[in-house]
Number of protein chains: 4
Amino acid sequence: STKLRKHIISPYDRRYRAWEIFLILLVIYSAWICPFELAFLRYLSKTLFHVDNMVNGFFAIDIVVTFFVAFLDRKSYLLVDDRKTIAVRYLTSWFILDVCSTVPFQYISLLFQKHGGDLGFKLLNMLRLWRLRRVSSLFARLEKDIRFNYFWTRCTKLVLVTLFAVHCAGCFNYFIADRYPDARRTWIGAVMPNFRAQSLWIRYVTAMYWSITTLTTTGYGDLHAENPREMLFDIFYMLFNLGLTAYLIGNMTNLVVHGTSRTRKFRDKIQAASEFAARNQLPQQIKDQMLSHIFLQFKTEGFKQQETLNGLPKGIQSSVANYLFFPVVRNVYLFNGVSQNFIYQVVAEMQADYFPPKEDVVHQREAPTELYILVSGAVEYKLHSNGIEQVQGRAYAGDMFGEVGVLCDTPQPFTISTTELTQILRLRRTAFINIVRGSIKDGTLIMNNLLQKL
Amino acid sequence: STKLRKHIISPYDRRYRAWEIFLILLVIYSAWICPFELAFLRYLSKTLFHVDNMVNGFFAIDIVVTFFVAFLDRKSYLLVDDRKTIAVRYLTSWFILDVCSTVPFQYISLLFQKHGGDLGFKLLNMLRLWRLRRVSSLFARLEKDIRFNYFWTRCTKLVLVTLFAVHCAGCFNYFIADRYPDARRTWIGAVMPNFRAQSLWIRYVTAMYWSITTLTTTGYGDLHAENPREMLFDIFYMLFNLGLTAYLIGNMTNLVVHGTSRTRKFRDKIQAASEFAARNQLPQQIKDQMLSHIFLQFKTEGFKQQETLNGLPKGIQSSVANYLFFPVVRNVYLFNGVSQNFIYQVVAEMQADYFPPKEDVVHQREAPTELYILVSGAVEYKLHSNGIEQVQGRAYAGDMFGEVGVLCDTPQPFTISTTELTQILRLRRTAFINIVRGSIKDGTLIMNNLLQKL
Amino acid sequence: STKLRKHIISPYDRRYRAWEIFLILLVIYSAWICPFELAFLRYLSKTLFHVDNMVNGFFAIDIVVTFFVAFLDRKSYLLVDDRKTIAVRYLTSWFILDVCSTVPFQYISLLFQKHGGDLGFKLLNMLRLWRLRRVSSLFARLEKDIRFNYFWTRCTKLVLVTLFAVHCAGCFNYFIADRYPDARRTWIGAVMPNFRAQSLWIRYVTAMYWSITTLTTTGYGDLHAENPREMLFDIFYMLFNLGLTAYLIGNMTNLVVHGTSRTRKFRDKIQAASEFAARNQLPQQIKDQMLSHIFLQFKTEGFKQQETLNGLPKGIQSSVANYLFFPVVRNVYLFNGVSQNFIYQVVAEMQADYFPPKEDVVHQREAPTELYILVSGAVEYKLHSNGIEQVQGRAYAGDMFGEVGVLCDTPQPFTISTTELTQILRLRRTAFINIVRGSIKDGTLIMNNLLQKL
Amino acid sequence: STKLRKHIISPYDRRYRAWEIFLILLVIYSAWICPFELAFLRYLSKTLFHVDNMVNGFFAIDIVVTFFVAFLDRKSYLLVDDRKTIAVRYLTSWFILDVCSTVPFQYISLLFQKHGGDLGFKLLNMLRLWRLRRVSSLFARLEKDIRFNYFWTRCTKLVLVTLFAVHCAGCFNYFIADRYPDARRTWIGAVMPNFRAQSLWIRYVTAMYWSITTLTTTGYGDLHAENPREMLFDIFYMLFNLGLTAYLIGNMTNLVVHGTSRTRKFRDKIQAASEFAARNQLPQQIKDQMLSHIFLQFKTEGFKQQETLNGLPKGIQSSVANYLFFPVVRNVYLFNGVSQNFIYQVVAEMQADYFPPKEDVVHQREAPTELYILVSGAVEYKLHSNGIEQVQGRAYAGDMFGEVGVLCDTPQPFTISTTELTQILRLRRTAFINIVRGSIKDGTLIMNNLLQKL
């Protein structure tokens, strides 16, 4: 939203983002075509030649564009839009590599030879793979973007890496066989003596088949290295595969552990509560309350307002509490007429909780330690005497309970239990008394409100 | 237990649960037979045809039944039994897929052809696999059900997934070979030239053998892809296997880590305590007390009443404490005659602990910070003077100790140590003094009780 | 150490432990010989026959002995030595299986046939593998015994499980081949047509070679299933291997994660401290103090007396504190003449810390919050004024510092820093003041001691 | 930096470190050449013979040098430079093994035979591998050195272990084949009948190829064991591989889990905050404040000054706080003229926080609980009244806010929010009041300063 200098593009600009996505598609194309051209296409067709040049052109444009894109300074966290600073930063970082990966070597090779089949230039072409850094930084960004599922982002990345490794190794292995003097003593020639005469499709599928057979360590053995050159390549590929497989498994383990941790914690809690109830032979009613409470916690992990809030600084906590609870607290009868300042201080000390149906919030005869305001749902007042339980009344959203105990310092007169899913604000007695002490006028108003009600 | 409208079935109804389990069995049958029919049975036998139709019939019935099953609303956590809401919900979610997976395509294909061997209809038949979502949701439920062991539930799920993958891949690979024009250039035809003449059993076992050899990456190589079509299928199957294997290992690691964490923590604690004792050259007696305490903690993880309780809201905590400790505390001599309200408040502040035999609970000359009530087990009073230790008395379940120190604010006169496994309630001095201050009458009674005893 | 009834053996008795170890060795022999006899020995040699019977005899003796071994009750944690209870417990648990695994089936088979080569009896012989439960329970015990390294205990267990699986599968696979009618169409017969004529050693090694090749999923393919019977066995073996491999990897991951956690935590701390120092451009001296402190913490994890103590109940904490600190604190000049009770209370509030050389313990002008007693090592008093640092004195083991600040409530007059590795007891000012207030006589003595010194 | 006795070398000496690095290079050479000589070189060339002797010579020198190198005592953490202690320690630990691994067995073997090709002496030569302990201890040190990336240190170690295992196994397998009487029945002879006539390069590559094919469990099967001797070696190698692979995967999992934990925690926090905002329909402005705060926390993990400081002892904390905050606090108008002691006490209680731009630090009408000093950045004072927000002023580095509320105990008069990345020192009201109470003169000065400003 901040304004940048003229002709300078923000890296967060929508059009620039689209351009980046477009380049990523070209990168994927480059990553696939580069090894493929090296291995299977002795001579490039005209169409492919032009497509390659066009792709190079787009990356050349991007090099120019980068000189006009602002960047985020790592120290001040501000966008830098000074053209000179941008240029210096780019020139001293990736500029040279970007240029190298864009130079049309095939074009240059034509100046020396006719068909662009020169090996050296072909290998220089592999510099294009430098462009893959864009994909890598895209994924680093996606992993931090909660709009995308972490599990699938990570899996996609791993699948792409694996496919790229398979493709490269397959192409390179074919490349070695293709250049080997004795065609019959190559991995493909041993089973397909005239392999060069086969269709491109068959050769490519066979190369991929060999590559994936080796990567997954299946190793049927129908295709295998036949000469030292291939053996050497195989040795390096298998060593790489060992690392890649371990990396894949490590990542999957990480995702599985992360993905199941909630369920496991839930099970552990339920188990502990059940065992506790069984060992102490608690009555069924208390056991049900325990289990349904843990179940609600699990289902509504998001409801944990308090925990999320506690991680934030005090300023934001106040903003949120005011926005959410101020309207509720102001309309409670007890705070009728008190000053706004007083209510602000009360709200800042409030804590919100959810209770499942049929749970006891307060127990008869309990010491009064908290004050409660109902935000949603409903509760019942129950009186236990001589073993008989009588419902004495009900309270709904906007009502308050426990205030008599807190203000008069007497044990709770009723057991209060929820009848449905209920959100309740709690205020500790000590905090409340402190606030009241700080403002005697409001304290008098509150006592009047209480007396009027009684 | 809540009443639903007429003709509406609760999803928790026993008979409905049984019907679901019955359907799951049919799903497993479907999952096995669908790929099998596709690959091995060119023409269905009459029996199988009728069995398939019957199975479809049951799923058709379930579609109708679903319109009469209440569901749990995700927001209010209440069962919705309104027929219209149920219908709308089902029609907008899985209805169409459920219907598609139930249409008897084999029947329809008979209208067009004679033997129902048409490939298109056979592939449409694979839509039945959609039914597997039922198995998936069953396992999601089982994992949260503590009546079933997590390790084995999870393992069963993984084994079923693996078996299904093996079965499908084996069938599909045979399917490809079966349809390939040149039977000798197929994976099975290369070693079994007249494979179509072999018995169904041999062909099925061979297909499964190939499939599992590939999935586990054993890859003997006796059976392997012979033509591009099979290679292509193999490539995808091996890629899938890579993911599946990583997923299996990830899950197993997760289970192993979770399963051994208790033992590891125990070892770490014992190790730290032993090292501590060795470094400080503690006498054997203190070291034994330390180790036996840690050992008891490990053995009786379930005994950790306090931790389980602390995770629950205050209301439930009071319920449990009252149920468990009220009868014990009321009968202690010190609280003879005091009001119920007083005892309720005392109970709410109590903490329960277990002590192994021969552990010192209180030390002579220690500052009095807590009051103790014996729930079970027994303790000895010991007097140390001039290096001699004399047993002065014993206390049993229902007795109290430490009250003199707390009420008269003098150091503990005795060392008190357990003689067997003992459960003790503790009450902090400050909490107790606060309760006493709030009710002077009860305080006087307590002092009288104490004086009478002394 | 507790006395048991006559003729009842304690499970912790040394001789009984030795007998158990002896049986474990026999179990390992049984586990190896059972599958081996089944597969490779059509007719048992006389020697082997007698050895087997002797082994069975020992296990028969153990069945009898078990009726005389006390056991630990899971509820009361006491040894039960009542002969009837022991008998009931054994008869209702493992008695029948123990007997079945001890019956000499080979002997019985001789009554029916001549050479004991009957298949049914041979399979019954496999019941002996039930004895393996002893190995399993041995490892469960070893894992909790800190005298044995967790990593190697666990690894040994996994290696034994793997070897047993390899041995069993190898034997069983040979067993299948041996009984197959067409010897040339078996996994071993295909490469070794007259395999039955080969030496036992060659056949056993070949079977093991096949087994391990399959288990590790290497699958060279030189030996592979040739008929449906072998394929079927292979399918089950490979499925089992998938699980076993995942289990091995899961365990190894668990051990690696556990084993490297300390180093990783240390690195994280050092890294955070270094980055902190670099960012804030702290002087080298402060940075060195930070790093050497973290380094000492890492090296002397065992020194963390406080953390280990805090996990123990109060009674044990007092025992340890008294044993360790009482002699030190009593001899400090400030507590000259005060009552033992007073010192006991002071000791209970003490905390012990280690400081590396050249670390500042107290800063000049700091508010006095703690009192320090040197247990070992030495410190220097330094005075900073006008940017010059002057050493004013030294203190050694048994000396005290910070007491003037605490008792007179003035800022610390000196910077006090260690000159070597130093152990220091700390006592918080508030705790000390509270203790002094509780005993005015001792307070006066302390003030006198302080005045005399000044 | 501490001085050692004459002729004693410090283990931290730069030249000694260089000598150690040089030896490590020789160790790597030894580790490679030892198995290679054993397997491939029947007769050593003269050059190689001399090189080996030279290498041995360097290690012999090191044995002598070790008698002059001080060592760090594990108990006192001091360097021991007593020559006798050093000698005793070395002689009782690794001396004998070091000597054994340095004896020139090849030389000795020449006394008995002509070409040094005797098998026994060759195997004795393998004792040189003992030298690898140096590499192992180097890596143990590197892992704790934060100048080296943990991931890459660990990976390098694993790669080296893997390469060494591959090299050894390949050499040893060739050694077995080379010595086998029937060359055609060896793993290499079966496919390369005249393998002994092949060039060293081809034989070595083939051996490595077989070795890595087996280690990665690819197992093409083109090269495989042909006789019981090779099978036996293969069995042990594959068992070892199973362990090694599990160890590699375990390590990789460990590294991946550690490496992604920060991102995962960040995602969890962002997710919780977003869900919280969505559920409570918080206004966009508050949501933005929440997310940008979490984002800043993630980006500036290093900024967490407080957490790093809290892990350190009080003495170091004071040093750091004084160094960082004393100059800032002294120049604040409120503390104009107060004593240095006062400021020292204020600084010790200060906490530093970073706030992203546009975050509310203090809310209008909030209870005054803290005092704020700006270290860097800037804030705006805003007044909300009747729904209108007015900017009343700004404060910059060195300014203070919230002091009126704290000293006069009135609610905050303004909302104060940052305009850029801002570092703020916070001081809790209670701590400040306590300090003021302790020094009345300074308190009067502070009130005067406040009055002058108002």
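Everything in this summary refers to the structure shown in the same document.

**What to know about the sheet that holds strand β8 (residues 400-401) of chain A**
All names here are of chain A.
Line of reasoning, step 1. Read across the open sheet, the four strands follow the order β3-β10-β5-β8; overall the sheet is antiparallel. The strands lining the two open edges of the sheet, one partner per strand, are β3 (351-355) and β8.
Line of reasoning, step 2. Summarising the sheet, β3 and strand β10 (residues 422-428) pair through five bridges and their orientation is antiparallel. Bridge assignment links Gln 351 to a residue of β10, and that residue is Arg 426.
Line of reasoning, step 3. Strand contacts of helix α16 (residues 429-438): β5 (370-376) and β10, with the helix running at about 60 degrees to β10, the strand carrying the most contacts.

**Some details on the environment of Thr206(D)**
Line of reasoning, step 1. Position of Thr206(D) relative to the elements: it lies in helix α9 (residues 200-215).
Line of reasoning, step 2. Residues in contact with Thr206(D), not counting those within four places in the same chain, are Met231(A), Trp187(D), Ile188(D), Met192(D) and Leu223(D).

**Quick word on the relation of the copies chain A and chain D**
Line of reasoning, step 1. Once chain A has been moved 0.0 Å along the axis and rotated by 90 degrees, it coincides with chain D to within an RMSD of 0.1 Å. What we have between these two chains is a four-fold relation.
Line of reasoning, step 2. Of the residues that chain A buries at the interface, just 10% are likewise interface residues in chain D, meaning the two copies contact each other through different surfaces.

**Describing a nonpolar patch on the surface**
All names here are of chain A.
Line of reasoning, step 1. Together, Ile 21, Leu 25 and Ile 28 give the surface a local cluster of nonpolar side chains, amounting to about 280 Å² of exposed area.
Line of reasoning, step 2. By secondary structure assignment, the location of Ile 28 is in helix α1 (residues 14-40).
Line of reasoning, step 3. Under the relative-accessibility criterion, Ile 28 is labelled partly exposed at 44%.

**Here we look at the sheet that holds strand β5 (residues 370-376) of chain B**
All names here are of chain B.
Line of reasoning, step 1. The four strands are arranged β3-β10-β5-β8 in an open sheet whose pairing can be described as antiparallel. In this open sheet, the two strands that pair with only one neighbour each are β3 (351-355) and β8 (400-401).
Line of reasoning, step 2. Taken strand by strand, helix α16 (residues 429-438) contacts β5 and β10 (422-428), and its axis lies near 60 degrees from that of β10.

**What about helix α14 (residues 340-348) of chain C?**
Line of reasoning, step 1. Taken as a whole, α14(C) has its buried residues at Phe342(C), Ile343(C), Tyr344(C), Gln345(C), Val346(C) and Val347(C).
Line of reasoning, step 2. As for α14(C), its buried residues are in contact with α13 (314-330), β10 (422-428), α16 (429-438) and α17 (440-453) of chain C.

**Details of the interface of chain B and chain A**
Line of reasoning, step 1. With 60 residues of chain B at the interface, the matching set in chain A holds 64 residues.
Line of reasoning, step 2. Approximately 5300 Å² of surface area, both sides summed, lies buried where chain B meets chain A, with 69% of it carried by carbon and sulfur atoms.
Line of reasoning, step 3. At the junction of chain B with chain A, the criterion picks out zero salt bridges.
Line of reasoning, step 4. Secondary-structure elements contributing two or more residues to the side of chain B that touches chain A are α7 (133-144), α8 (150-179), α9 (200-215), α10 (228-279), α12 (305-310), α13 (314-330) and α14 (340-348) of chain B.
Line of reasoning, step 5. The element contributing the most residues to the side of chain B that touches chain A is α10(B), with 17 residues.
Line of reasoning, step 6. Residue classes in the side of chain B that touches chain A are distributed as 28 nonpolar, 25 polar and seven charged.

What counts and what doesn't
- Residues numbered from 1 in each chain as written.
- Chains lettered and ligands numbered in written order.
- Predicted model: local features only at pLDDT ≥ 70, side-chain atom pairs only at ≥ 80, totals over all residues.
- Heavy atoms only, no water.
- Pairing = 2+ DSSP bridges.
- Helix = DSSP H or I, 4+ residues; strand = E, 2+ residues; numbered from the N terminus.
- Contact = heavy atoms within 4.5 Å.
- Axes fitted to C-alpha atoms, helices over the stretch in contact; angles between N-to-C directions.
- Least-squares fit on C-alpha atoms with pLDDT ≥ 70 in both.
- Patch = residues over 30% accessible without salt bridge, like charges linked within 9 Å, V, L, I, M, F, W, Y side chains within 5 Å.
- Areas by Shrake-Rupley, 256 points an atom, 1.4 Å probe, with all protein chains shown as cover.
- Salt bridge = Lys/Arg side-chain N within 4 Å of Asp/Glu carboxyl O.
- Buried < 20%, exposed > 50% of the residue type's maximum accessible area, 1.4 Å probe, protein only.
- Buried area = accessible area lost by both parts, 1.4 Å probe.
- Nonpolar A, V, L, I, M, F, W, Y, C, P; charged D, E, K, R; others polar.

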